[in-house]
Amino acid sequence: MKQSSPHVLLVNPWIYDFAAFNLWSRPLGLLEIGGILRDAGYKVSLIDCVDAENFSMTTPYRPKLSRFGTGKLKRTPVEKPGILAKIPRRYCRYGITPEDFQEHLSSLPRPDLILVSSIMTYWYLGVRESIELLRKQFPHTPIYLGGNYASLIPGHAVTACSPDRVITGPFTRHHLEDIFKVIGRPDPLPPSELTGIPFWEGYSIHHFLCIRSSLGCPFHCQYCASNLLHPDFVEHPVQDVADEILREHRLFGVRDFAFYDDALLMNAHTRLVPLLKQLLKHNLSLRFHTPNGIHIRFITREIACLMQETGFHSLRLSLEATQPAWQARFGSKTTLKEFDHALDCLFEAGFTDKEIKVYLLVGLPGQTLHEVEQSIREVLKRGVRPSLAEYSPIPGTALWEEACRVSPYPLEEEPLTHNNTLLPCGGNEITKASLDRLKHLMTEEVPSNSPKNGAMETESPS
Ligand code: B12
Ligand code: SF4
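A short tour of the structure in this document, coming up.

1. Observations concerning the site of ligand 2
In the vicinity of ligand 2, 10 residues are found, and the nearest of them are C217, C221, Y223, C224 and H295. Grouping the amino acids of the shell around ligand 2 by side-chain chemistry returns 5 nonpolar, 3 polar and 2 charged.

The structure is reproduced here in C-alpha cells:
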C-alpha cells in the first residue's frame, strides 16, 4: 500500500510590538516555500499566528477593513520585557491567543518537519514562543527557522529560539533536496490550478494577496538590508507573474494585490510595462498597492498612465529625505527635481493626492529635527502627504556601526531595541515628543481633502 505523503507544518509566529497593522501583510516567503513543497507532493499545513481572522479557534475575529482589504490586527496587551519597561506605550501580542495555537497543534496530525518564518529582528519573542510551544507538542519533529530575522542575526536566533536549524537567505533547490533527505521524497503532484503559486490555500478568507515580480534590489542604501537578504537582483519572467496574478484572481476571487518588490520599477520597460500591458488585455477590475515604496526616478508618463489604467491605488513613493547629503547616503536614488517630475506624471495620469503618500525616514543617526521638518514641508508644499517611517537599525547594514555608536540602547545585544518605535538613534533631536510636534504640523498643513494618516507608525519604506 502507498504510504501517505510526509507532512510539513508552516508557522508564521506572533508579532510582539507597540504597533502593528495589517498593511497587506502576509509571510510571503514562507507561503512560497509552502507552494514549492505542495507541488513536490508534501502534505502542507499552515498556522499564521498573526491572522486571528483565519486562525482563531475560540472567539471569532472579524476586523473592520478598509476597502482595499487592510485592517487592524487582533491585539492583546502583554507585560513589557524589562528592556522596554520605561517606554510609555502599550506592548501587545498581535494575532491569535496561545491557547488557539495550542488547539491548532492538537488538531493536526504529527508533522514530519516544521518550518518557522521570521520577519523583523525585534519580533523574535513571537518566534521563540512559537518554537517553545511547537517543541512541547511535537518533541520529535525537527524545527527549522528561516526568514529575515534568522538571516540577519543567525547567532542570536540559535541562542534565543533554539530551533533544530537556522537557515539563512532565500529558499533554494539545495534546501528542497535537503528536505527530501530528511523526511523522504514524495511523488510530485500532477499539475493543477495551484501549481507554482504560493500556499494561499492555507487561508480560507482572503481580502488581498501579495505578489512580487523580483527579488532584491540593485541599489545600496546605507540603512537597508535588501542586499543582505537577497544579494542578487533577480527578475521573474513577466509571463509567470501575469499568470500568477490572473490565476490567483480567478481562484481566490481577490481584486487587491500588494507588490512586495524592493525595486518594482527597476527595468520597467522589460518588466512592469509589459506586465501591465498583459493584464490590461484581460479587462479585469484589479487593484494594486505598493506598501513597500517605489523608486521616484523611474516614474515616467507612460508608467504613470499604465499604473492608473491597471488600477494602482495606494502609491507609496520613497523620497526618504530632501537634503542632497542624505540622498547620497540613500543610494542617490532620487532628487527633488525628479520628485516634481514624478508628481507631474502621476497627477497628469489621473492619480489624486489621496492615492499618494511619500515616505520620509526619521531618526537616522545624526539627522536633525530641522532636516525632517524641511523634508515634511517640501512634500506638503507639493500637495501630497508625507508618511513618517521611523528608522529601525538593521545588523550588517552600512549604517549599523554608526547606529550602535550613537544609540543609548544595547543594539548589538538586544534586538528588541531595533524597534522603530523607540527611535533608537534619534538622540536628543528626534524624540517621541518632537516627532509628535512634527506629526501635528503635518495634520495642520495638509490640504483639507487629504486622508488622515492613521498608519504613520506602521507603514514603511522597506
Ligand atoms: C513587505 C515589507 C513590509 C510590509 C509588510 C511586512 C510584513 N510582511 O508584515 C510593510 C510595508 C508593512 C513593512 C513595514 C515595515 N518594515 Co518592512 N519589509 C518588507 C519586505 C520588503 C519584505 C518582508 C517580507 O515579508 N518578506 C517576505 C518574502 C518577500 O520573503 P522572505 O520572508 O525574505 O522569505 C524568503 C527567505 O527569507 C526564506 N524564508 C522565509 N521564511 C523561511 C522559513 C524557513 C524555515 C526557511 C528555510 C526559509 C525561509 O525563504 C523565502 C523565500 O526565498 C522586507 C525587505 C525584504 N526584502 O525582505 C522589509 C523589512 C522586513 N522591513 C523592515 C522595516 C524596517 C520595516 C518598518 C519598521 C519600516 C518603518 N520604519 O516603518 C515597518 C514595520 C511595520 C510594522 N511594525 O508592522 C526591515 C527590517 C528591520 C528589522 N530590524 O528587522 C526590512 C528588512 C527592510 C529594510 N529596510 O531593510 N514592511
Ligand atoms: S532602500 Fe530601497 S532602493 Fe535602497 S537598497 Fe533598500 S530596497 Fe533598494
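More follows now that the structure is in view.
2. Topic: the pairing of strand β1 (residues 7-12)
The side chains of a regular strand alternate between the sheet's two faces. The buried fraction of β1 amounts to 6 of the 6 residues, a majority that puts the element mostly inside the structure. Burial along β1 is two-sided: H7, L9 and V11 and V8, L10 and N12, pointing in opposite directions, are all buried. Inspection of the sheet shows β1 paired to strand β4 (residues 43-48) by 6 bridges, in the parallel sense. Residue L10 lies in a different strand from β4, and its bridge partner there is L46. Judged from the 4 bridges that link them, β1 and strand β8 (residues 113-116) form a sheet pairing that is parallel. Across the sheet, residue V11 finds its bridge partner in β8, namely V116.

3. A short note on the nonpolar core
If you look at the biggest cluster of nonpolar residues, it comprises 120 residues, and the most contacted ones within it are F101 and M307. Each of domain 1 (7-183) and domain 2 (208-445) gives at least three residues to this core. Of all hydrophobic cores here, the second largest spans 19 residues; its members include A389, W400, C404 and C425.

4. Considering the pattern of salt bridges
If you walk through the whole model with that rule in mind, you get 22 salt bridges. Between R329 and E402 there is a salt bridge, and its shortest N-O distance comes to 2.9 Å. With a gap of 73 residues between them, R329 in helix α12 (residues 324-329) and E402 in helix α15 (residues 400-406) connect regions that are remote in the sequence. Under the relative-accessibility criterion, E402 is labelled partly exposed at 23%. Salt-bridge contacts for E373 lead to R377; the nearest nitrogen and oxygen are separated by 2.9 Å. Placement of the pair is E373 and R377 together in helix α14 (residues 369-381), with a separation of 4 residues, close to one helical turn.

5. Brief notes about the sheet that holds strand β2 (residues 15-17)
One open sheet accounts for 3 strands, arranged β2-β7-β6; its pairing is antiparallel. In the strand order of this sheet, the two ends are held by β2 and β6 (75-78), each with one partner. Neighbouring strand axes in the sheet, compared pairwise and without regard to direction, differ in orientation by 25° on average.

6. Concerning the side chain of S226
With respect to the helices, strands and loops of the structure, S226 is situated in helix α8 (residues 226-229). Overall, S226 belongs to the buried group, its relative accessible area being 6%. At a separation of 2.8 Å, a polar atom in the side chain of S226 contacts the side chain of D262.

7. Here we look at the packing of helix α10 (residues 272-281) against helix α11 (residues 301-310)
Where α10 meets α11, the axes come as close as 10 Å, and the angle between the chain directions of the two elements is 35°. For the pair α10 and α11, the crossing hand works out as left-handed. Between α10 and α11, the contacting residues are L272, V273, L276, K277, L279 and L280 on the first element and E302, I303, L306, M307, E309 and T310 on the second. Within the contact of α10 with α11, the residues separate by chemical class into 8 nonpolar, 1 polar and 3 charged.

8. What about the sheet that holds β1?
Reading across from one edge, β4-β1-β8-β9-β10 is the order of the 5 strands in this open sheet, with parallel pairing throughout. Taken across any chain shown, the strands that pair with only one partner, and hence form the sheet edges, are β4 and β10 (165-166).

9. Let's talk about the environment of L10
Mapped onto the fold, L10 is located in strand β1. In this structure, the C-alpha to C-alpha distance between L10 and V116, residues 106 residues apart in sequence, is 6.0 Å. Look past the residues within four positions of L10 in its chain and what remains in contact with it is L30, G34, V44, S45, L46, I47, L115 and F199.

10. Overview of the packing of aromatic side chains
Considering all chains together, one arrives at 14 aromatic pairs under this definition. Ring centres of Y223 and F330 lie 5.5 Å apart, and the angle between their planes is 90°; this geometry places the pair in the edge-to-face category. One end of the pair, Y223, is in the loop between β12 (214-215) and α8; the other, F330, is in the loop between α12 and α13 (336-349), with 107 residues separating them in the sequence. We classify Y223 as buried; its relative accessible area is 7%. On the accessibility criterion, F330 (3% relative accessible area) is buried. Between W326 and F330, the ring centres sit 5.9 Å apart and the planes meet at 20°, which makes this aromatic pair stacked. As far as the burial class goes, W326 and F330 line up, both buried. By the ring-pair criterion, three or more aromatic residues cluster together here, those being F257, F259, F288 and F312. Lying across the ring of Y203, R26 places its NZ or CZ 4.0 Å from the centre. R165 extends its terminal NZ or CZ atom over the ring of Y144, reaching a point 4.9 Å from the ring centre.

11. Remarks on the side chain of N22
Turning to its location among the elements, N22 is positioned in strand β3 (residues 21-22). Exposure remark for N22: the relative accessible area of 13% places this residue in the buried category. Polar contacts involving the side chain of N22 include one to the main-chain amide nitrogen of S25, which spans 2.8 Å. When neighbours within four sequence positions are excluded, N22 is seen to be in contact with T70, G71, L73 and F208.

12. Looking at the packing of α11 against α13
Two elements in contact, α11 and α13, have axes whose closest approach is 8 Å; the angle formed by their N-to-C orientations is 40°. Between α11 and α13, the interaxial angle falls into the category oblique. Like other packed secondary-structure pairs, α11 and α13 cross with a definite hand, here right-handed. Contacts between α11 and α13 involve R301, A304, C305 and Q308 from the first element and H341, D344, C345, L346, E348 and A349 from the second. Here the contact of α11 with α13 is built from residues that sort into 5 nonpolar, 2 polar and 3 charged.

What counts and how
- Residues numbered from 1 in each chain as written.
- Chains lettered and ligands numbered in written order.
- Predicted model: local features only at pLDDT ≥ 70, side-chain atom pairs only at ≥ 80, totals over all residues.
- Heavy atoms only, no water.
- Near = heavy atom within 4 Å.
- Nonpolar A, V, L, I, M, F, W, Y, C, P; charged D, E, K, R; others polar.
- Buried < 20%, exposed > 50% of the residue type's maximum accessible area, 1.4 Å probe, protein only.
- Helix = DSSP H or I, 4+ residues; strand = E, 2+ residues; numbered from the N terminus.
- Pairing = 2+ DSSP bridges.
- Core = buried A, V, L, I, M, F, W, Y, C linked by side-chain atoms within 4.5 Å.
- Domains from an automatic or database assignment.
- Salt bridge = Lys/Arg side-chain N within 4 Å of Asp/Glu carboxyl O.
- Axes fitted to C-alpha atoms, helices over the stretch in contact; angles between N-to-C directions.
- Polar contact = N/O pair within 3.5 Å; in protein donor to acceptor, adjacent residues only side chain to side chain.
- Left-handed = near helix turned anticlockwise from the far one by under 90°.
- Contact = heavy atoms within 4.5 Å.
- Phe/Tyr/Trp six-rings, centres within 6.5 Å; stacked < 30°, edge-to-face > 60°.
- Lys NZ or Arg CZ within 6 Å of the ring centre and 35° of its normal.
- Parallel < 35°, antiparallel > 145°, perpendicular 65-115°, else oblique.

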